[in-house]
Amino acid sequence: MHSNSQNISCALRSGGFDAHRHWMAGALAAYPMDYVKSQLQTEKGRQKYKDGFDAARDILQQGGPLAFYRGCWVNVIGVAPEKTIKLGVNGFMRTAIQSHFGYLPLMGEVLAGGLAGMSQVAVTNPLEVVKVRMQTSEFEFKEIWQQAVQGELYEGADACLVRDSLFSAILFPLYAHMQLAMASSAVFGSLSHFWVNLLAGSLAAFPAAFLATPADVIKTRMQQCREMGLNSEECALVLADGNTVVIDDITKKNNFVDMTREILANGGSDVFFSGWLERVVRSVPQFGVTLALFDVLTQQCIAHGWLSATTSV
């Protein structure tokens, strides 16, 4: 169990300033794709836009380049704890399972990845609620936060749990096996360790992001703001008066199963893959860099004696 503690410790050390700086820069660079994706996943956006290019063009015309970054600071704040928890728990669980069985079975890899994704939800879901509501409404942070803290910070947590656990259960095992395959390949074997990991992480993120899109659509629908007839001034006035009835009407509350049924009944199964391209384009470079960088930092942990070289990461 000492090696497990080392693994968590290494993840936290690796989540230092240098890693945070890279992760935050990546989150900021990828945010416009995330913003467009959220527009396409709402009922209003699906009716309004033909595709991501149409949505991006309209957003640019209506609000200018900065419109793509509305709510981005929420994402930037959340990326460091999200990545640290996800990567740390995955490494911890892989080591624990390998120690128990004497080897690491495929289902053990899937379980470790799924638990890693599941563990981050407690931290990320409140940030997701605020981010999605800022992306899908004109309300300001103060207005959204005042409503969210009244019991809605974990709105859509069941959908977030499904999305993140599925994504990580696919990502981490695929990444580990692609690392080995590419390192021994005649085509990629001549590349440096960093570039092999970057390519392996990027390729692993593609199917993970695509297959988790339905849960992401359901999560967005559960967390979005609705009934956009109210402007932000009216919203603020309602909150100032202590009356949140109108605000409550904006957010349609459903559990995961109810929202799934509602989407199927009103839009059909193709709705579940709304914004899949934007989600993949955002995730592929982001996780390619994240996994490659984490591997570099892990090697630094080993070099400094913070992590055993035999520990599974």
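The model shown is predicted, which means the values in this text are computed figures rather than measured ones.

**Examining the overall build of the protein chain**
Moving on, step 1. For the protein chain, the count of helices and strands is 15 helices and zero strands.
Moving on, step 2. Put simply, 80% of the contacts in the protein chain that link residues at least 6 apart link residues at least 24 apart.

**Here we look at the packing of aromatic side chains**
Moving on, step 1. The full count for this structure, using the stated rule, is eight aromatic pairs.
Moving on, step 2. Ring centres 5.0 Å apart and planes at 75 degrees place the aromatic pair Trp73 and Phe141 in the edge-to-face group. Linking Trp73 in helix α5 (residues 72-101) with Phe141 in helix α8 (residues 141-148), this pair joins segments that are 68 residues apart in sequence.
Moving on, step 3. Ring geometry for Phe141 and Trp145: centres 5.9 Å apart, planes at 20 degrees, overall stacked. With Phe141 and Trp145 both in helix α8, this residue pair falls four residues apart, about one helical turn.

**Details of the side chain of Thr136**
Moving on, step 1. In this structure, Thr136 sits in the loop between α7 (121-135) and α8.
Moving on, step 2. Reaching out from Thr136, the side chain makes a polar contact with the backbone oxygen of Val132 at a distance of 2.7 Å.

**Re the environment of Ile77**
Moving on, step 1. For Ile77, the position within the fold is in helix α5.
Moving on, step 2. Assessed through its relative accessible area of 48%, Ile77 is described here as partly exposed.

**Notes on a nonpolar patch on the surface**
Moving on, step 1. On the surface, Met33, Phe206, Phe273, Trp276, Leu277 and Val281 cluster together into a nonpolar patch covering about 490 Å² of accessible area.
Moving on, step 2. Top contributing element to the nonpolar patch by residue count: helix α15 (residues 276-303), with three residues.
Moving on, step 3. Within the secondary structure, Leu277 sits in helix α15.

**Considering the packing of α5 against α7**
Moving on, step 1. As a packed pair, α5 and α7 sit with axes 10 Å apart at the nearest point and diverge in direction by 155 degrees. Here α5 is positioned roughly antiparallel relative to α7, judged by the angle of their axes. Crossing of α5 against α7: the hand is left-handed. Judged by residue contacts, Trp73, Val74, Asn75, Gly78, Pro81, Glu82 and Ile85 of α5 engage Val123, Thr124, Leu127, Val130, Lys131 and Met134 from α7.
Moving on, step 2. Counted by class, the contact of α5 with α7 contains eight nonpolar, three polar and two charged residues.

**Topic: the pattern of salt bridges**
Moving on, step 1. Inspection of every chain in the model, using the stated rule, returns 16 salt bridges.
Moving on, step 2. Between Glu82 and Lys83 there is a salt bridge, with its nearest N and O atoms 3.4 Å apart.
Moving on, step 3. For Arg94, the salt bridge is made with Glu109, and the minimal N-O distance between the two is 3.2 Å. Remark: Glu109 occurs in helix α6 (residues 106-119) and Arg94 occurs in helix α5; sequence separation between them is 15 residues.

**Structural notes on the environment of Phe167**
Moving on, step 1. The residue Phe167 is located in helix α9 (residues 157-183) in this model.
Moving on, step 2. Residue class for Phe167 comes out buried when judged on its relative accessible area of 4%.
Moving on, step 3. Residues Phe167 and Ala215, spaced 48 residues apart in sequence, show a C-alpha to C-alpha distance of 9.8 Å.
Moving on, step 4. Sequence-distant contacts of Phe167, defined by excluding residues within four places in its chain, comprise Lys86, Ala205, Ala208, Ala209, Ala212, Arg279 and Phe287.

**Remarks on the confidence of the model for the protein chain**
The predicted coordinates should not be examined in detail at positions where pLDDT is low.
Moving on, step 1. Averaged over the protein chain, the pLDDT score is 84; the fraction of residues at 70 or greater is 81%.
Moving on, step 2. The model gives residues 227-251 a pLDDT under 50, and that stretch makes 38 contacts with residues more than four places away or in other chains.

**Describing the nonpolar core**
Moving on, step 1. Among the nonpolar cores identified, the biggest contains 20 residues, and Phe167, Leu171, Phe172 and Leu291 are the most heavily contacted of them.
Moving on, step 2. When residues of this core are traced back to their parent elements, those giving at least two are α9, α10 (193-211) and α15.
Moving on, step 3. Grouped together as the second largest cluster of nonpolar side chains are 10 residues, Tyr35, Tyr49, Phe68 and Cys72 included.

**Regarding the side chain of Gln286**
Moving on, step 1. Tracing the backbone shows Gln286 in helix α15.
Moving on, step 2. Once residues within four sequence positions are removed from consideration, Gln286 is found in contact with Gly26, Ala27 and Lys83.

**A short note on the packing of α7 against helix α11 (residues 213-223)**
The description of two packed helices rests on the angle between their axes and on the distance between the axes.
Moving on, step 1. Put simply, α7 and α11 touch, their axes get as near as 9 Å, and they point 70 degrees apart. Comparing the axis directions of α7 and α11 gives the class roughly perpendicular. For the pair formed by α7 and α11, the contact residues are Asn125, Glu128, Val129, Val132 and Arg133 on the first element and Lys219, Thr220 and Gln223 on the second.
Moving on, step 2. Residues of the contact of α7 with α11, tallied by class, amount to two nonpolar, three polar and three charged.

**Details of α8**
Moving on, step 1. Those residues of α8 that sit buried are Glu143, Ile144, Gln147 and Ala148. Buried residues of α8, seen end-on, are gathered within an arc of 125 degrees and therefore sit on one face of the element.

**A closer look at α15**
Moving on, step 1. The terminal C-alpha atoms of α15 lie 40 Å apart, and with 28 residues this matches the ideal 40 Å at 1.5 Å per residue to within 8%.
Moving on, step 2. The positive-phi residue at the C-terminal boundary of α15 is Gly305, with phi of around 80 degrees.

Conventions adopted
- Residues numbered from 1 in each chain as written.
- Predicted model: local features only at pLDDT ≥ 70, side-chain atom pairs only at ≥ 80, totals over all residues.
- Heavy atoms only, no water.
- Helix = DSSP H or I, 4+ residues; strand = E, 2+ residues; numbered from the N terminus.
- Contact = heavy atoms within 4.5 Å.
- Phe/Tyr/Trp six-rings, centres within 6.5 Å; stacked < 30°, edge-to-face > 60°.
- Polar contact = N/O pair within 3.5 Å; in protein donor to acceptor, adjacent residues only side chain to side chain.
- Buried < 20%, exposed > 50% of the residue type's maximum accessible area, 1.4 Å probe, protein only.
- Patch = residues over 30% accessible without salt bridge, like charges linked within 9 Å, V, L, I, M, F, W, Y side chains within 5 Å.
- Areas by Shrake-Rupley, 256 points an atom, 1.4 Å probe, with all protein chains shown as cover.
- Salt bridge = Lys/Arg side-chain N within 4 Å of Asp/Glu carboxyl O.
- Axes fitted to C-alpha atoms, helices over the stretch in contact; angles between N-to-C directions.
- Parallel < 35°, antiparallel > 145°, perpendicular 65-115°, else oblique.
- Left-handed = near helix turned anticlockwise from the far one by under 90°.
- Nonpolar A, V, L, I, M, F, W, Y, C, P; charged D, E, K, R; others polar.
- pLDDT = per-residue confidence, 0-100.
- Core = buried A, V, L, I, M, F, W, Y, C linked by side-chain atoms within 4.5 Å.
- Arc of directions from axis to C-beta.
- Expected span 1.5 Å × (residues − 1).

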